Every structure is written in structure tokens, then in C-alpha cells.
Amino acid sequence: MTTSPATYRLDPAQVRAEFLRLLPISLFVVAFGAAFGLAAVQKGIVPLEGTLMSVLVFAGASQFAALELWGDQVALLPLIAITFAINSRHLLMGASLYPMLRQMPTAQRYGILLVLTDANWAVAAQDYQNGRRNLEVILGGGVVLWMAWLIGTLLGVYFGGLLQDPKSLGLDMVLGCFLLSMALGGRKNPRVIVAWIVAGTAAMMAYWWLPPHTHVVVGALAGGAVGFFWLEHKSDEH
Amino acid sequence: MSIETTHLGVILIIAIMALVTLATRWGGPFLMSFVTINPRVESFINTMASSVLIAILTPMAFTGDLGAKLALATTAILMLVLHKPLPAIAGGILAAAATRYFL
């Protein structure tokens, strides 16, 4: 063990502050939830079922992908494989938070991970890069994003016509622009830049040549390998 | 094997998707609990963390339409100049909407 198991206590005021911090971005999530709800009812899924899927699965990209498989029957293995492949990035996201998560009681650790998703993770990861421990954003930000996804889905399944073409409003780019702003807000040094180039190159090669939906994990692991072999100077000095 | 999309079948589909997704949310920290964290492992996961973002974004930038490309470019420039996420994101979305409206 490199450090003693210090404790991480969630600060309720900070959880509320992070809820409000992600409130603006969650408004866009409402629009995407509505697009999902509309697409679901167009596939013949009843409103209650579509809403239940958003409540329990809470992973937009895999939910849209499930609709692609929809028919009178849904093939089980492709459903499991696609859901796992698209959401496998959560494995890496959760692992990257482990240095903080392990300082927390087990029930809390797995409890806050119920609402782990791209946007709240990106904030926590960026804060960690900048030397701030922030698991409150996983909980507070996760809850506001989950609520937004639920509200959006409800709007979509009942009043879907309101948002026929989210793309024309640029809404399909919300998550991409958000994640990019998080990446660029973190620490940048030659090691990070090299890791990004390796990650981006590996991701594109996987995107073109490997099975669909594997590019995120392949790219991230390739970038991580740079960090594994190239340690920061301050760890080398002693 | 297939599941019929009757009401009960859809509930089953949702349950399966929820469990698989939950496994991905819980699996990372669970697997990490068997790993000893040393500086090298910590460097790996820190570098991997920002690489996740790049791996999500690169295909968007390469395969997206002009609106998507300009959205990401606008966000990048605003973020590097202003260091504030919200205006950078808003600028990116605006760039996508404007590109698709005018072209």
C-alpha cells in the first residue's frame, strides 16, 4: 500500500453545488432524452416501457443502439454484446476514479456509481487532474443528469413531435463539445499530448478495422500505456 | 436466442440492458480493488482518463459532418482562449446549428 486508507466523506453542500453546476448542461440532456423517447415510440415501444428503460439503463448511446435491433423480436446476444461494448467505457471511467473511490465506504462507492456517466465523470476526472478531489460531482451531477434524461424521455414519449430534428439545432454536438472542453481544461504537458496522439490514432484504427464500438476502450488503453511507460518527472526524482 | 417484444419481453430486455450497464459502472472499481496502486499504475490510470475523452472525440471529428467538425473546432478555440467550458460549449453548438442552417 502506498498510502494509508484515508477516508473520503461526501460533503452534502458540495453535492448540491455540483447538482447546480451540471444543471445547465442537463438542459441539453433533456433534449436528447426527448429525441430518444420519440424514437422509442416510433419503434412501437409504449411510453411506460421507454421511460422505464431511461430510468434503469440511463445510458443514451446504448439505448439508441437497442432501438436499432428492435422488431417483433430482439436477438439476445447482439443486445448484450452491443450494450456492453458501448458502455464498456464506464469500466475505464470507474477505474480512473478508483484512487478516490477506495477511500470511501463500499456501499457509498457503489451507490454513487449508479449514476456514473460521461459528463459527471469528465468533470471529476478533470478536477482530479487539477489536484482537486471531487466525487460529489459524480453524485450531485449524476442525479441532475439522470433526472434530465428521465424528464426528456417523458417529454419525448408523450410530446415527441416537439423535437423532430435535434441535429438541426446542433444538439447532437452537446456531449462532444462538453467532453472536448473538459479534455482541454485539464493539465497539458508533453506526456499528455503524446498520450492523446496515441489514443486518437489507436481509436481511429479501431474505428476503421476492429468490431464496432471498440474504439473508445482501445484508444483509452493505448493512451494509458503511454502513462504506464512514461512516468512524470517528480516520481523519478527520488 | 431472441426475446419477443411483448410487454413482459420488453421488461426483460430492459432488465438485461440495465444489468449489463450496471456491470460496466461497477466493474472498473471492482477490478481495480485487486490491483495494487503504485506510481506506475496511477500514471496509467491518470493518462487513460483523459485518453478516454480523446478516444470518444476523434471519430466524431473524423467522421462527423462539417457542422460537427466546426462545432469541435469552435469549442477547442474558445476553450483555449477563454478557459471557460460553458461559452466554449455554447459556441460549438451554435457553430453546428449555423453550419447546418446555411449550408
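Since the model is a prediction, treat every value here as computed from it, not as a measurement.

**A short note on the packing of helix α9 (residues 118-129) of chain A against helix α2 (residues 39-63) of chain B**
The relative placement of two packed helices is expressed as an angle between their axes plus a distance between the axes.
Right, so step 1: At their nearest, the axes of α9(A) and α2(B) sit 11 Å apart, and the two run at 135° to each other. When the axes of α9(A) and α2(B) are compared, the pair comes out oblique. In the crossing of α9(A) with α2(B), the sense of the turn from one axis to the other is left-handed. Contacts between α9(A) and α2(B) involve Asp118(A), Trp121(A), Ala122(A), Tyr128(A) and Gln129(A) from the former and Glu42(B), Asn46(B), Ala49(B), Val52(B), Leu53(B) and Ile56(B) from the latter.
Right, so step 2: Looking at the contact of α9(A) with α2(B) residue by residue, the class counts come to seven nonpolar, two polar and two charged.

**Digging into the interface of chain B and chain A**
Right, so step 1: Counting residues at the interface gives 67 residues for chain B, matched by 92 residues for chain A.
Right, so step 2: Carbon and sulfur atoms make up 76% of the surface buried where chain B meets chain A, a total of about 7000 Å² over both sides.
Right, so step 3: The largest contributions to the chain B side of the interface with chain A come from Met17(B), Arg25(B) and Arg40(B), which together make up 11% of the buried area.
Right, so step 4: There are one salt bridge connecting chain B and chain A.
Right, so step 5: Note that Asp172(A) and Arg100(B) form a salt bridge whose closest N and O atoms lie 2.7 Å from each other.

**A closer look at the UniProt feature "transmembrane region" (unreviewed entry) in chain A**
Right, so step 1: Mapped onto this numbering, the UniProt entry gives "transmembrane region" (unreviewed entry) at residues 20-40, 52-70, 76-101, 137-163, 169-186, 193-210 and 216-232 of chain A.
Right, so step 2: The span residues 216-232 of chain A is 82% helix and 0% strand, and its two end C-alpha atoms sit 24 Å from each other.

**Focus: the domain arrangement of chain A**
Residues and elements named next belong to chain A.
Right, so step 1: Splitting chain A by domain gives domain 1 (12-186) and domain 2 (188-238).
Right, so step 2: Each of domain 1 and domain 2 has a C-alpha centre, and these two points are 24 Å apart.
Right, so step 3: Contacts between the two partners involve nine residues from domain 1, matched on the other side by seven residues from domain 2.
Right, so step 4: For the pair domain 1 and domain 2, the summed buried surface comes to about 680 Å²; carbon and sulfur atoms form 71% of the total.
Right, so step 5: Sorting the residues of domain 1 by area buried against domain 2 places Ala 85, Leu 92 and Leu 184 first, and these three jointly supply 47% of that buried surface.
Right, so step 6: Taken together, the connections running from domain 1 to domain 2 amount to zero salt bridges.
Right, so step 7: Viewed at the interface, domain 2 and domain 1 are joined by two residue pairs in polar contact (both at pLDDT 80 or more).
Right, so step 8: At the level of secondary structure, the elements contributing two or more residues to the side of domain 1 that touches domain 2 comprise α5 (76-87), α6 (89-96) and α11 (174-185).
Right, so step 9: For the side of domain 1 that touches domain 2, the element with the highest residue contribution is α5, accounting for three residues.

Reading the values: rules and limits
Residues numbered from 1 in each chain as written. Chains lettered and ligands numbered in written order. Predicted model: local features only at pLDDT ≥ 70, side-chain atom pairs only at ≥ 80, totals over all residues. Heavy atoms only, no water. Axes fitted to C-alpha atoms, helices over the stretch in contact; angles between N-to-C directions. Helix = DSSP H or I, 4+ residues; strand = E, 2+ residues; numbered from the N terminus. Parallel < 35°, antiparallel > 145°, perpendicular 65-115°, else oblique. Left-handed = near helix turned anticlockwise from the far one by under 90°. Contact = heavy atoms within 4.5 Å. Nonpolar A, V, L, I, M, F, W, Y, C, P; charged D, E, K, R; others polar. Buried area = accessible area lost by both parts, 1.4 Å probe. Salt bridge = Lys/Arg side-chain N within 4 Å of Asp/Glu carboxyl O. UniProt positions renumbered as here; feature names shortened; annotations may be inferred. Domains from an automatic or database assignment. Polar contact = N/O pair within 3.5 Å; in protein donor to acceptor, adjacent residues only side chain to side chain.

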